[in-house]
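Geometric and topological summary
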Amino acid sequence: MKVSSYTYTKTALRCISSLLLLSVFTGCEKELDFKYHDVPSPLVIEGTLTGEGTNVRLTYATPMDEAMDLTPVTDAEVLLTDITAGIERALPLKDDGSFGDVTPGVPGHEYRVDVKTSGKEFRSESAMKDKTEIVDMQFQWIKMPYDYVAVLRVTFKEIPDDADNCFWVRILRNGKPYKWSVIDRRIGNQGLISCVMMTSRKDLDEEDEADALREGDEVTALVIPIDRKMVDYLTALANDSNGPRMWHGDFCLGYFLAAPVATTTIIFHPDELTEYK
């Protein structure tokens, strides 16, 4: 095959141009040091108000190259204000290092928490919604290509006259956090909403310990009504991205949530599960 001088020259110029561009980019190569380890650890404030009372816990975020440190910050002043009723009270320090008391929250009331520590001030507000009711909770086996998997279904009631009707469904395994999900009212049917989660494989020798469920394990569901701002916060948390700022004043991480909690508990008996059809 013959190649014209024009084609050869054009090809050669392309090769030379590519080499020159490569040389330019290689010459600009530089190691970047972001020094993210030197950023001071921010305060983390996690507060809840339920029908059982208030709990506010202060800690500092742990640098990624250090062991997890959940030592609570106890040198603080924490106030809870029932904005609707116009009542303010100081939350005492508890034996576990958190602040709170057993005064229950009232659905329909709006609340604010104010925190002062190390010369900084923080505040967050949350309106308490009505409580839902869990009507059913059960496991079933579902056949997957690799194994049978126990699927957990938690069914609960929508909240009448609530335009949001969003819920945070938390699952505990033997009293410790196991899984969670955020549910929107749009998946509801005739006043009921179901949350479905994949849990443990049947063959525990092939299952990760974080997901494994064994005979006799106590599985508890907590269903918590939340607003859209909390939905965005939890969604961002699940996706390792930025979410809405939940505290005002000086910068900190965390959230304050006033919400009643519906709970139910069952015992996991794998030999008694039926297969989902």
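Summary of the structure given here. Nothing here was measured: the structure is a model prediction, and the numbers come from that model.

Structurally, the position occupied by S124 is in strand β6 (residues 120–127). A residue is classified by how much of its surface remains accessible, and S124, at 2% relative accessible area, is buried. A distance of 2.7 Å separates the side chain of S124 from the backbone oxygen of M246, its partner in a polar contact. Those residues in contact with S124, other than ones at most four positions away along the chain, are Y111, R112, V113, M246, W247 and F256.

It is worth spelling out the packing of aromatic side chains at this point. Summed over the entire model, instances satisfying the criterion amount to 5 aromatic pairs. A ring pair is formed by F156 and F167, whose centres lie 4.9 Å apart and whose planes are at 65°; its orientation type is edge-to-face. On the criterion of sequence distance, the pair formed by F156 in strand β8 (residues 148–157) and F167 in strand β9 (residues 166–173) is long-range, its members being 11 residues apart. Each member of the pair F156 and F167 is classed as buried. Judged by centre distance (6.2 Å) and plane angle (80°), the rings of W168 and Y255 are edge-to-face. A residue pair is termed long-range when its members are at least 10 positions apart, and W168 in strand β9 and Y255 in strand β14 (residues 253–258) qualify at 87 residues. Grouping aromatic residues by their ring pairs yields a cluster made of W168, W180, Y233 and Y255. Against the face of Y148 rests K202, its NZ or CZ located 5.1 Å from the ring centre.

Below, the discussion takes up the layout of surface pockets. Roughly 1500 Å³ of volume is contained in the largest pocket. Residue composition of the lining of the largest pocket, grouped by class: 27 nonpolar, 13 polar and 9 charged.

A few words now on the sheet that holds strand β3 (residues 77–82). Read from one edge to the other, the open sheet built from 5 strands follows the order β4-β3-β5-β6-β13, with strand pairing classed as antiparallel. Taken across any chain shown, the strands that pair with only one partner, and hence form the sheet edges, are β4 (87–90) and β13 (248–249).

Glancing now at the environment of G108. Within the fold, G108 resides in the loop between β4 and β5 (110–117). In this structure G108 comes out as exposed when scored by relative accessible area, which is 59%. Residues in contact with G108, not counting those within four places in the same chain, are T84 and M128.

Before going further, it helps to examine the pairing of β9. With 7 of 8 residues buried, β9 lies mostly within the body of the structure. For β9 and strand β12 (residues 218–226), the ladder comprises 8 bridges, and the chain directions are antiparallel. Bridge pairing in β12 links V169 to V223. One ladder, built from 7 bridges, connects β9 with strand β10 (residues 176–183); its direction is antiparallel. Bridged to R170 within β10 is W180. The hairpin turn running from β9 into β10, its antiparallel successor, is 2 residues long, and N174 in that turn takes a positive phi close to 55°.

Turning our eyes to something else, we now look at the sheet that holds β14. Taking strand neighbours across the sheet as the criterion, the 3 strands line up as β2-β1-β14 in an open arrangement whose pairing is mixed. At either margin of the open sheet sits one strand with a lone partner, and together these are β2 (53–60) and β14. Pairs of neighbouring strands in the sheet enclose a mean axial angle of 10°, with direction left out of account. Where strand β1 (residues 43–50) meets β2, 8 bridges bridge the pair, whose relative direction is antiparallel. What sits directly across from T48, in β2, is N55.

Parameters and conventions
Residues numbered from 1 in each chain as written. Predicted model: local features only at pLDDT ≥ 70, side-chain atom pairs only at ≥ 80, totals over all residues. Heavy atoms only, no water. Helix = DSSP H or I, 4+ residues; strand = E, 2+ residues; numbered from the N terminus. Buried < 20%, exposed > 50% of the residue type's maximum accessible area, 1.4 Å probe, protein only. Polar contact = N/O pair within 3.5 Å; in protein donor to acceptor, adjacent residues only side chain to side chain. Contact = heavy atoms within 4.5 Å. Phe/Tyr/Trp six-rings, centres within 6.5 Å; stacked < 30°, edge-to-face > 60°. Lys NZ or Arg CZ within 6 Å of the ring centre and 35° of its normal. 1 Å grid on protein atoms, 1.4 Å probe; cavity = no way out; pocket = protein on both sides within 12 Å on 5 of 7 lines; lining within 4 Å. Points joined across faces, edges and corners; volume = space filled by probe spheres on them. Nonpolar A, V, L, I, M, F, W, Y, C, P; charged D, E, K, R; others polar. Pairing = 2+ DSSP bridges. Axes fitted to C-alpha atoms, helices over the stretch in contact; angles between N-to-C directions.

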